[in-house]
Amino acid sequence: MRISALVAVASLPLLSQVPDAAFFKGDPKAILVACAEKVRGLKPKSAEPLAFAGRAFLAAGERAKAEEAFKASLALNVDNPDSHVIILGSWVDFGFPKEALETLQVARNLYPCSEKNRGWKNAMAKMGAVLMTGNQPTEAEACMQAAFAKGPSDWQNMTFFGRACLRAGKPELAAPWFSRAVKSAPKDESIWNDIALSLADQGREN
Amino acid sequence: MRIIFLPLFSLPLLAQIPKDLEPAFFVRDAKTVMVECTSAARSREGKDSRMLAEYGRSYLAAGDRAKAEEVFALAIKDDPKDSTTRYLIGLAWIRHGFKAEALAAFERIGPKEKNDLTKAACRLIEAGMPTEAQATMTKAWELDKRDWENCAEYAKAALLNGQPEQAATWFQRTLEADPNNWSAWNSVAQAHAEFLARRQAKR
């Protein structure tokens, strides 16, 4: 752990006390590490908080700590789809494509067996969106196809993915998903409105 | 929030749902597609004020201010007291650069609507109006100082939009609101993670 982060952690008072505003004007990486340690300390046995702590560590450049937290998260609950989304997104956002694809493979291996966990379908769509904006369109499309296979009438996932395609500057990849969305319920005004807003926002996240 | 029902003479609008729903429909000029999707949405019966406000956002994006103002007026007429409608109208204006109009809409948000006030504050700081943003957020905060989520949302917006001083204050308030809540600490962490991710993406 870097000296600045050590100082930040050491300077934090008791668990229930909050640092003053000056702390938050400091080095973002030091703030990240300190907050991640707090999260880990408050929820040492919960999968999602640990995955989030891992993300914060990775953002701060603390790869070893990140991997430790990710591993701990999956050890607690490997079938938590949201943890996989957080971990994948972390690798993508901070420039680790190989690790991202390894995470994706783990998720794909679990996905076919996850019939009883509806969250997996949505998680696949989210992973697709992350990969699309992370410049991995082929893998992204495969994720969304997997989500669609289990939820062919789930238009929210389709427009969500389409929005990510727009955000990534690939409207031609959004088009088939918008088409599928409106075909699923052509008289539903919400779908048309969602697509119009995706275009109006140029794919910007809501 | 009441529902507006279209009168019978508007039935021909039902024809505005495109017959061809193939992908090619969506790869045409974005503004054209936007307007046609909005028309398709409007052609359905049963409107609410919030949906009308969102149609206005699409019309503004397509450059049709007159149509946007028409649906904004309809939205307000339908439910003059709905704060979220006011917020959505302000959102539409501010996303397309109409700051004065946005401020006027945000100022009509109900004084006790802390969530809509928070969202408005975030949009104002994103639009480079930090003074107005801070004032709006302070109103929201004074309604409920224990709402760490609203504090976190605004702090993140401040951080990501070049207002580190404000961000610092509001991150502190986030944690003071609920110091033993892991989600509160995590919100501070993830805001900074996104800040660094965006910085990395620019390189």
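Residues numbered from 1 in each chain as written. Chains lettered and ligands numbered in written order. Predicted model: local features only at pLDDT ≥ 70, side-chain atom pairs only at ≥ 80, totals over all residues. Heavy atoms only, no water.

1. Section: the overall build of chain A
Phase 1 of the analysis: Along the backbone of chain A there are eleven helices and zero strands.
Phase 2 of the analysis: Along chain A, from the amino end to the carboxyl end, the secondary structure elements read α-α-α-α-α-α-α-α-α-α-α.
Phase 3 of the analysis: Counting the 206 residues in chain A, one finds 51% classified as buried.
Phase 4 of the analysis: Surface summary for chain A: the accessible area is close to 8,800 Å², and the carbon and sulfur share equals 55%. (Helix = DSSP H or I, 4+ residues; strand = E, 2+ residues; numbered from the N terminus. Buried < 20%, exposed > 50% of the residue type's maximum accessible area, 1.4 Å probe, protein only. Areas by Shrake-Rupley, 256 points an atom, 1.4 Å probe, with all protein chains shown as cover.)

2. What about the environment of Ala193(B)?
Phase 1 of the analysis: As for its position among the elements, Ala193(B) is in helix H10 (residues 182-202).
Phase 2 of the analysis: In contact with Ala193(B), other than residues within four places in its own chain, are Leu32(A), Arg55(A), Ala59(A) and Phe94(A). (Contact = heavy atoms within 4.5 Å.)

3. A closer look at the side chain of Arg86(B)
Residues and elements named next belong to chain B.
Phase 1 of the analysis: Mapped onto the elements, Arg 86 comes out in helix H4 (residues 83-95).
Phase 2 of the analysis: Although Arg 86 lies buried, it forms no salt bridge, and the closest oppositely charged side chain, Asp 79, sits 8.2 Å away as judged by the N-O distance.
Phase 3 of the analysis: If near-sequence neighbours (up to four positions away) are discounted, Arg 86 is found in contact with Ile 76, Pro 80, Ala 105, Arg 108 and Ile 109. (Lys, Arg positive; Asp, Glu negative; His and termini not counted. Salt bridge = Lys/Arg side-chain N within 4 Å of Asp/Glu carboxyl O.)

4. Some words on the confidence of the model for chain A
Phase 1 of the analysis: Summary statistics for chain A give a mean pLDDT of 90 and a share of 89% for residues scoring 70 or more.
Phase 2 of the analysis: In the predicted structure, residues 1-16 of chain A sits below a pLDDT of 50 and forms 32 contacts with residues beyond four places in sequence or in another chain. (pLDDT = per-residue confidence, 0-100.)

5. Some details on the interface of chain A and chain B
Phase 1 of the analysis: Between chain A and chain B, the contact holds 48 residues from the first and 49 residues from the second.
Phase 2 of the analysis: Between chain A and chain B lies a buried interface of about 4,300 Å² when both sides are counted; carbon and sulfur atoms form 71% of it.
Phase 3 of the analysis: The largest share of the area that chain A buries against chain B comes from Phe24(A), Glu189(A) and Trp192(A), three residues that together contribute 16% of it.
Phase 4 of the analysis: Connecting chain A to chain B are five salt bridges.
Phase 5 of the analysis: Residue Arg57(B) pairs with Asp201(A) through a salt bridge whose shortest N-O separation is 2.7 Å.
Phase 6 of the analysis: Across the contact surface, chain A and chain B share eleven residue pairs in polar contact (both at pLDDT 80 or more).
Phase 7 of the analysis: Going through the elements one at a time, helix H2 (28-42), helix H3 (47-59), helix H10 (171-184) and helix H11 (189-200) of chain A are the ones with two or more residues in the side of chain A that touches chain B.
Phase 8 of the analysis: Taken together, the residues that form the side of chain A that touches chain B break down as 28 nonpolar, seven polar and 13 charged. (Buried area = accessible area lost by both parts, 1.4 Å probe. Polar contact = N/O pair within 3.5 Å; in protein donor to acceptor, adjacent residues only side chain to side chain. Nonpolar A, V, L, I, M, F, W, Y, C, P; charged D, E, K, R; others polar.)

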